[in-house]
Amino acid sequence: MRTVIAIALGAALGAGGFALAQHDKHGDAAKVKSLLEQDVSEKIDGKEARVSAIEVSYGPGGFTPPHRHPGAVFGHVLEGEIEAQLEGQPLRKLKAGDTFYEPTMALHSVSRNPSKTANTRLLAVILHPRDAKELVILEKPKH
């Protein structure tokens, strides 16, 4: 297990299973489970590609810190609700059954479970270059 964020999707998401171990007064960080990693024949900007599918679970008040992904993210909310925001866009509240898309390297500034009692789970599928070292790239704080 490695410390990561998720989408989401996302954490320093590597090639195997992993979990986030970050805590604060707002709740626990998301837990991420790798479901699939498979090379595909498609290319991204001329580079060999891979698809990774992950399940992201947020407990009550769970969150992920601001992050980016090295490829396009396609997501589906399996359970509960999530508040999500990409840089320059309004905050969205998604519920079970909703889907979403995040462009490559878009800043995912907000990703949190707004509930104080219910869990949230999402499925995220990321199409990314095979040579990507991390699937989730933490945003460095601005000073």
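Residues numbered from 1 in each chain as written. Predicted model: local features only at pLDDT ≥ 70, side-chain atom pairs only at ≥ 80, totals over all residues. Heavy atoms only, no water.

**Student:** Just give me the short version of the environment of H69, but keep the residues and values in it.
**Tutor:** For H69, the location among the structural elements is in the loop between β5 (67-68) and β6 (72-79). Residues H69 and H128, spaced 59 residues apart in sequence, show a C-alpha to C-alpha distance of 8.3 Å. (Helix = DSSP H or I, 4+ residues; strand = E, 2+ residues; numbered from the N terminus.)

**Student:** With reference to specific residues and values, describe the pattern of salt bridges.
**Tutor:** Summed over all chains, the structure comprises 11 salt bridges. Across the pair K43 and E48 runs a salt bridge, and its minimum N-O distance is 3.4 Å. Note on K43: relative accessible area 53%, which makes it exposed. Owing to a relative accessible area of 36%, E48 belongs among the partly exposed residues under this scheme. Here E139 ties to R68 by a salt bridge, and the two come within 2.9 Å at their closest N and O atoms. Here E139 is found in the segment after β12 (137-138), whereas its partner R68 is found in strand β5, with 71 residues between them in sequence. The network of salt bridges with shared partners includes D39, K43, E48, R50 and R130. (Salt bridge = Lys/Arg side-chain N within 4 Å of Asp/Glu carboxyl O. Buried < 20%, exposed > 50% of the residue type's maximum accessible area, 1.4 Å probe, protein only.)

**Student:** Describe the environment of P141, with residues and values.
**Tutor:** The topology assignment puts P141 in the segment after β12. C-alpha separation for the pair P141 and P66, spaced 75 residues apart in sequence, amounts to 9.1 Å.

**Student:** Tell me about the confidence of the model for the protein chain, residues and numbers included.
**Tutor:** Model confidence for the protein chain is summarised by a mean pLDDT of 84, while 80% of its residues fall at 70 or above. The model gives residues 1-26 a pLDDT under 50, and that stretch makes 98 contacts with residues more than four places away or in other chains. (pLDDT = per-residue confidence, 0-100. Contact = heavy atoms within 4.5 Å.)

**Student:** How would you sum up the pairing of strand β11 (residues 120-129)? Please name residues and give values.
**Tutor:** Sheet topology places strand β4 (residues 47-58) next to β11; 10 bridges connect them, and they run antiparallel. The partner of E55 across the bridge, within β11, is L123. Note: β6 against β11, 7 bridges, orientation antiparallel. Note on β11: the bridge partner recorded for A72 is L127. (Pairing = 2+ DSSP bridges.)

**Student:** Explain the side chain of S111 to me, and be specific about the residues and the numbers.
**Tutor:** Mapped onto the secondary structure, S111 falls in strand β10 (residues 108-112). Judged by relative accessible area, which is 4%, S111 ranks as buried. Among the polar contacts made by the side chain of S111, one reaches the side chain of Y58 at a distance of 2.5 Å. Excluding anything up to four places from it in sequence, S111 contacts Y58, G62, F63, T64, I82 and E83. (Polar contact = N/O pair within 3.5 Å; in protein donor to acceptor, adjacent residues only side chain to side chain.)

**Student:** I'd love a proper account of unusual backbone geometry, names of residues and values included.
**Tutor:** Peptide bonds are, in most cases, trans, and in most cases residues other than glycine have a negative phi. Unusually for a residue other than glycine, D45 sits at a positive phi of about 50°. Tracing the sequence through the fold places D45 in the loop between β3 (31-44) and β4. Notably, M105 is not glycine yet its phi reads approximately 60°, a positive angle. Along the polypeptide, M105 turns up in the loop between β9 (99-102) and β10. Note on M105: relative accessible area 36%, which makes it partly exposed.

**Student:** Lay out the nonpolar core in plain terms, naming residues and giving numbers.
**Tutor:** Of all hydrophobic cores here, the largest spans 14 residues; its most connected members are I54, V56, Y58, I82 and L122. The set of elements that each furnish at least two residues to this core consists of β4, β6 and β11. In contact with I82, not counting residues within four places along its chain, are Y58, V77, R92, K93, L94, S111, R112, P114, T120 and L122. (Core = buried A, V, L, I, M, F, W, Y, C linked by side-chain atoms within 4.5 Å.)

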